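# Structural overview
If you want the building blocks of each chain, they are given just below.
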Amino acid sequence: MLFKRKSAPVAVQAGEAAPQSEAPTRPQKEKLGWFEKRDRRRRRRKIFEEVLGWILVPAFVYLIYLGVQAVGGIPKEVIDFGSEIFALAMKGGKG
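Predicted model, so just to flag it, every value in this text is computed and none were measured.

## Digging into the overall build of the protein
Helix and strand content of the protein: three helices and zero strands. Each helix and strand of the protein, ordered N terminal to C terminal, gives the series α-α-α. Put simply, the protein has 95 residues, and 0% of those count as buried. For the protein, the accessible area works out to roughly 10100 Å², and carbon and sulfur atoms hold 63% of it.

Written out as structure tokens, the structure is:
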């Protein structure tokens, strides 16, 4: 036999009422110091920012795309200005 049932205590066999045992208490939560609290807050904030970024960045890109399509495309002047700025940035700004 793998499991043996324990025999009842002598007091119960004699007909006496068993003393009421208290409800099992949960172990107390560990107290966190300020460093651990700060670390957990920081970790939660980073996760929240990552999730928000994965949602908002594609939404902004899509809204910009819809705005450009609504206008009818990007004007040639804006493209020329962007390429000039890019050329200045690549050259180092002096020239």
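## Here we look at the packing of aromatic side chains
For the structure on display, the rule yields one aromatic pair. Relative to F35, the ring of W34 has its centre 5.9 Å away and its plane inclined at 90°; by these criteria the two rings are edge-to-face. Looking at W34, the relative accessible area reads 63%, which means it is exposed.

## So, helix α3 (residues 76-91)
Helical geometry note: an α-helix holds 3.6 residues per turn, so side chains three or four residues apart project in the same direction. A rise of 1.5 Å per residue sets the reference length of α3, with its 16 residues, at 22 Å; its end C-alpha atoms lie 23 Å apart and thus fit the reference within 8%. Within α3, only zero of the 16 residues are buried, which leaves it mostly out in the open. Phi turns positive one or two residues past the end of α3, at G92, with a value near 110°.

## A word on a nonpolar patch on the surface
On the surface, a cluster of nonpolar side chains totalling about 1100 Å² of accessible area is made up of I47, F48, V51, L52, I55, L56, F60, Y62, L63, Y65 and L66. Considering the arrangement of structural elements, one finds F48 in helix α2 (residues 34-71). Judged by its relative accessible area of 54%, F48 falls in the exposed class.

Calculation criteria
- Residues numbered from 1 in each chain as written.
- Predicted model: local features only at pLDDT ≥ 70, side-chain atom pairs only at ≥ 80, totals over all residues.
- Heavy atoms only, no water.
- Helix = DSSP H or I, 4+ residues; strand = E, 2+ residues; numbered from the N terminus.
- Buried < 20%, exposed > 50% of the residue type's maximum accessible area, 1.4 Å probe, protein only.
- Areas by Shrake-Rupley, 256 points an atom, 1.4 Å probe, with all protein chains shown as cover.
- Phe/Tyr/Trp six-rings, centres within 6.5 Å; stacked < 30°, edge-to-face > 60°.
- Expected span 1.5 Å × (residues − 1).
- Patch = residues over 30% accessible without salt bridge, like charges linked within 9 Å, V, L, I, M, F, W, Y side chains within 5 Å.
- Salt bridge = Lys/Arg side-chain N within 4 Å of Asp/Glu carboxyl O.

Fair warning: the whole summary comes from geometry, so function is off the table for now.
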